[in-house]
Amino acid sequence: QVHVVESGGGLVQAGGSLRLSCAASERTFRLYNMGWFRQAPGQERVFVAGISWSGGNTGYADSVKGRFTISRDNAKNTVYLQMNSLKPEDTAVYYCATGPSRTLVATAAGDYTDWGQGTQVTVSL
């Protein structure tokens, strides 16, 4: 089991940027694909972005393509989500999670195992 902790959320105006971080406490972090999901009030948790264990492959939800960038630093056991051009509809709790070590990035929440507690992102008009 990998313990992950998200940080970097906050309140930002539309058009602004935030960078989320997800830090893992185990060295085995580098063996896992990683994913970012978000959940807005009253809605289900949905895939935002994912990255393969090596960082060589990434995947994004259509709603964030061109605005969000996922990256990882395996030496620091950390995965990042750079969010630019934020919109009010990006408001949600953002979670990171460990995923299966596949070439392709999984997009289903059920494929991910170890989840953090989440970090709130609020985008105001």
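Higher on the page you've got the structure.
Computed from a predicted structure; not experimentally measured.

Some words on the overall build of the protein chain
Along its length, the protein chain carries zero helices and ten strands. Going residue by residue from the N terminus, the α and β elements of the protein chain occur as β-β-β-β-β-β-β-β-β-β. Taken along its principal axes, the extent of the C-alpha atoms in the protein chain is 40 × 25 × 25 Å. In the protein chain, the proportion of contacts linking residues at least 24 apart, taken out of those at least 6 apart, comes to 59%. Split by element, the accessible area of the protein chain, about 6,300 Å² in all, is 48% carbon and sulfur. Of the side-chain charges in the protein chain, 11 are positive and 9 negative, and the distance between the mean point of each set is 6 Å.

Looking at the sheet that holds strand β4 (residues 33-39)
Adjacent strands of a sheet pair through backbone hydrogen bonds, lying either parallel or antiparallel. A sheet is described by the order of its strands in space; here six strands give the open sequence β2-β10-β9-β4-β5-β6, paired in mixed fashion. Looking along the sheet, the strands with just one partner apiece sit at the ends: β2 (10-13) and β6 (58-60). Put simply, the sheet's adjacent strands are angled 25 degrees from each other on average, direction ignored. Here three bridges tie strand β9 (residues 92-99) to strand β10 (residues 119-124), and the two strands are oriented antiparallel to one another.

Let's talk about the state of the cysteines
Applying the stated criterion across every chain, the model contains one disulfide. Disulfide pairing is shown between Cys22 and Cys96; the S-S distance is 1.9 Å. Its torsion about the S-S bond being 60 degrees, the disulfide of Cys22 and Cys96 is classed as right-handed. Here Cys22, found in strand β3 (residues 18-24), pairs with Cys96, found in strand β9; they are 74 residues apart in sequence, far enough to count as distant. You can call Cys22 buried: its relative accessible area is 0%. A residue is classified by how much of its surface remains accessible, and Cys96, at 0% relative accessible area, is buried.

Re the pairing of strand β1 (residues 4-7)
Only one face of β1 is covered, namely the face carrying Val4 and Glu6; the face carrying Val5 and Ser7 is uncovered. Pairing of β1 with β3 involves four bridges; the strand directions are antiparallel. Across the sheet, the residue bridging to Val4 is Ala24, located in β3.

With respect to the packing of aromatic side chains
Applying the stated rule across the entire model yields five aromatic pairs. With a centroid separation of 5.0 Å and 75 degrees between ring planes, the pair formed by Phe37 and Tyr112 is classed as edge-to-face. With Phe37 in strand β4 and Tyr112 in the loop between β9 and β10, this residue pair connects regions lying 75 residues apart in the sequence. Note on Phe37: relative accessible area 0%, which makes it buried. An aromatic cluster is built from Phe37, Phe47, Tyr95, Tyr112 and Trp115, whose rings are joined through pairwise contacts. Lying over the aromatic face of Trp115, Arg45 brings its terminal NZ or CZ to 4.8 Å of the ring centre. The residue whose ring lies beneath Arg72 is Phe29, and the NZ or CZ to ring-centre distance is 4.5 Å.

Conventions and cut-offs
Residues numbered from 1 in each chain as written. Predicted model: local features only at pLDDT ≥ 70, side-chain atom pairs only at ≥ 80, totals over all residues. Heavy atoms only, no water. Helix = DSSP H or I, 4+ residues; strand = E, 2+ residues; numbered from the N terminus. Contact = heavy atoms within 4.5 Å. Areas by Shrake-Rupley, 256 points an atom, 1.4 Å probe, with all protein chains shown as cover. Lys, Arg positive; Asp, Glu negative; His and termini not counted. Charge placed at Lys NZ, Arg CZ, Asp CG, Glu CD. Pairing = 2+ DSSP bridges. Axes fitted to C-alpha atoms, helices over the stretch in contact; angles between N-to-C directions. Disulfide = S-S within 2.5 Å. Buried < 20%, exposed > 50% of the residue type's maximum accessible area, 1.4 Å probe, protein only. Phe/Tyr/Trp six-rings, centres within 6.5 Å; stacked < 30°, edge-to-face > 60°. Lys NZ or Arg CZ within 6 Å of the ring centre and 35° of its normal.

Take it as geometry only, folks, not as evidence of what the structure does.
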